[in-house]
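# Fold and contact review
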Amino acid sequence: MTSNDETRLIAAARRGETRAFASLVERHQQAVRGFLRRFSGDWSEADDHAQEAFVTAWRRLDRFEGKSSFRTWVCGIAYRIARDARRARGRSAARETDWAESQASMATAPAHEDRISLAAAMAELPEQQRAVVALCLGEGFSHSEAASILNLPLGTVKSHVTRGREKLLEALGDGDE
Amino acid sequence: MSDQSRLERAFAASAAPARDARFVLAVLERAERERFRRAALHSAVRGAVLTSGAAAALVMLTGWAAAQPAPVITEGVFSAVALLAAVGAARLFAARVGARTA
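About the criteria used
Residues numbered from 1 in each chain as written. Chains lettered and ligands numbered in written order. Predicted model: local features only at pLDDT ≥ 70, side-chain atom pairs only at ≥ 80, totals over all residues. Heavy atoms only, no water. Helix = DSSP H or I, 4+ residues; strand = E, 2+ residues; numbered from the N terminus. Rg over C-alpha atoms; globule rule 2.2 N^0.38 Å. Buried < 20%, exposed > 50% of the residue type's maximum accessible area, 1.4 Å probe, protein only. Areas by Shrake-Rupley, 256 points an atom, 1.4 Å probe, with all protein chains shown as cover. Lys, Arg positive; Asp, Glu negative; His and termini not counted. Charge placed at Lys NZ, Arg CZ, Asp CG, Glu CD. Contact = heavy atoms within 4.5 Å. pLDDT = per-residue confidence, 0-100. Buried area = accessible area lost by both parts, 1.4 Å probe. Salt bridge = Lys/Arg side-chain N within 4 Å of Asp/Glu carboxyl O. Polar contact = N/O pair within 3.5 Å; in protein donor to acceptor, adjacent residues only side chain to side chain. Nonpolar A, V, L, I, M, F, W, Y, C, P; charged D, E, K, R; others polar. Axes fitted to C-alpha atoms, helices over the stretch in contact; angles between N-to-C directions. Parallel < 35°, antiparallel > 145°, perpendicular 65-115°, else oblique. Left-handed = near helix turned anticlockwise from the far one by under 90°. Phe/Tyr/Trp six-rings, centres within 6.5 Å; stacked < 30°, edge-to-face > 60°.

### Here's the deal with the overall build of chain B
What chain B contains, in helices and strands, is three helices and zero strands. Each helix (α) and strand (β) of chain B, taken in turn from the N terminus, gives the series α-α-α. In terms of overall size, chain B is more extended than a compact globule, its C-alpha atoms giving a radius of gyration of 30 Å where 102 residues would be expected to give roughly 13 Å. Across the 102 residues in chain B, those meeting the buried criterion constitute 17%. Carbon and sulfur atoms provide 68% of the accessible area of chain B, an area that totals close to 7,700 Å². Within chain B, the 7 negative side-chain charges are centred at a point lying 5 Å from the centre of the 13 positive side-chain charges.

Here it is, written out as structure tokens:
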């Protein structure tokens with residue numbers, strides 16, 4: 001999709017055209033849901049937050065200035081919703097690890113074991129680092145896009161990616177033993 | 001397989017589907033529910049403001065009428081107010097019916 005197409009869809013959605021907004025959701029749901037799934041570790045919760053993010057985006061579409069892409073803007077909204085929900089619930093890192101461990105008992109294939117090890121290692125990462133890793137390594141966002149979404153300096157994003165990758169690779173390596 | 005490839009594969013396992021009509025529908029339903037809830041709230045607030053305003057006006061009008069020596073004046077004013085209220089209610093009703101049938 002060209003940026004012109006997207007601009008037209010955004011303008012139509014601003015006028016209240018449901019079909020245009022549905023097209024925007026269709027085109028960007030994969031990135032937003034993928035990011036939130038990796039960030040939260042809980043797929044149904046991630047999808048719920050992704051829905052909320054798109055609804056919020058539609059309501060606030062007048063505030064979208066086009067300085068970043070629509071995808072980046074919605075991911076920023078989604079991140080804040082997911083982060084605030086986690087903070088409000090006061091979920092501890094221990095609980096997240098419990099979830100990953102409960103999945104581990106079902107692990108059979110090596111690929112599945114890697115997925116479980118990755119989920120556990122992601123849950124151990126600090127919040128910002130996990131979000132950066134989910135965006136850049138999981139969804140292929142550029143460092144500058146991640147910096148814009150998370151409102152972080154570019155250098156911080158780069159160091160989070162490097163350190164996060166090291167920790168995840170280490171966790172996968174440990175899983176072999 | 002290298003650790004990097006394993007990492008990429010493990011990440012790919014959490015990917016969302018490229019197309020998902022059910023998700024899109026769920027977003028639209030949720031947006032519609034929220035819009036309805038906001039409209040209902042707005043309507044309730046507007047109704048409460050109008051009702052309290054009308055009640056206050058009625059109290060003031062009754063007080064004023066009690067202080068008037070000539071009943072012809074009060075009857076005339078009350079008739080005019082009743083007529084205005086009837087016209088306002090009819091217009092409001094017509095607007096709502098028009099909006100529902102449009």
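### Quick word on the overall build of chain A
Tallying secondary structure elements over chain A gives nine helices and zero strands in all. If you list the helices and strands of chain A from N to C, you get α-α-α-α-α-α-α-α-α. Relative to its full complement of 177 residues, chain A shows a buried share of 49%. Contacts in chain A between residues at least 24 apart in sequence constitute 62% of all its contacts with a sequence separation of at least 6. Counting only carbon and sulfur atoms, one obtains 46% of the accessible surface of chain A, whose full area is about 8,500 Å².

### Some points on the confidence of the model for chain B
Residues and elements named next belong to chain B. Of all residues in chain B, 98% have pLDDT values of 70 or greater, and the mean over the chain is 87. When pLDDT is averaged over each element of chain B, helix α2 (residues 21–66) comes out on top at 90 and helix α3 (residues 71–101) at the bottom at 85. Two summary scores accompany this predicted model of the complex, namely pTM at 0.75 and ipTM at 0.78.

### Let's talk about the interface of chain A and chain B
With 34 residues of chain A at the contact, the number on the chain B side is 26 residues. Counting the surface lost from both chain A and chain B, the interface buries some 2,900 Å², and carbon and sulfur atoms represent 62% of this. When the area that chain A buries against chain B is broken down by residue, the three leading residues are E26, R38 and Q51 of chain A, summing to 19%. For the pair chain A and chain B, the interface holds six salt bridges. Of the charged contacts, one joins E26 of chain A and R19 of chain B as a salt bridge, the two residues approaching to 4.0 Å between their closest N and O atoms. For the pair chain A and chain B, the number of links is 11 residue pairs in polar contact (both at pLDDT 80 or more). Where the side of chain A that touches chain B is concerned, the elements lending two or more residues are α2 (18–40), α3 (43–59), α6 (110–124), α7 (127–138) and α9 (154–175) of chain A. A breakdown of the residues in the side of chain A that touches chain B according to their chemical character gives 16 nonpolar, six polar and 12 charged.

### As for unusual backbone geometry
Positive phi values are uncommon outside glycine, yet N151 of chain A reaches one of about 60°. Its relative accessible area of 69% is what places N151 of chain A among the exposed residues.

### Topic: the packing of helix α1 (residues 3–14) of chain A against α2 of chain A
All names here are of chain A. Orientation of α1 relative to α2, taken along the N-to-C sense of each, is 130°, at an axis distance of 7 Å. Between α1 and α2, the angle is such that the two are oblique. At the point where α1 passes α2, the crossing takes the left-handed sense. Listed contacts from α2 to E6, L9, I10, A12 and A13 of α1 are A20, F21, S23, L24, R27 and H28. Split into classes, the residues belonging to the contact of α1 with α2 amount to seven nonpolar, two polar and two charged.

### Details of the packing of helix α4 (residues 70–89) of chain A against α7 of chain A
All names here are of chain A. Two elements in contact, α4 and α7, have axes whose closest approach is 12 Å; the angle formed by their N-to-C orientations is 145°. In the packing of α4 onto α7, the handedness of the crossing is right-handed. Counting all contacts with α4, which are made through Y79, R83, R86 and R87, the residues of α7 involved are E127, Q128, R130 and A131. Residues of the contact of α4 with α7, tallied by class, amount to two nonpolar, one polar and five charged.

### Notes on the packing of aromatic side chains
In this structure the tally under the stated criterion is eight aromatic pairs over all chains. Ring geometry for F39 of chain A versus Y79 of chain A: centroids 5.5 Å apart, planes at 65°, classification edge-to-face. Highlighted residues: F39 of chain A in helix α2 and Y79 of chain A in helix α4, separated in sequence by 40 residues. Overall, the relative accessible area of 1% leaves F39 of chain A in the buried class. Consider the rings of F54 of chain A and F23 of chain B, whose centres lie 6.1 Å apart with planes at 75°: the pair is edge-to-face.

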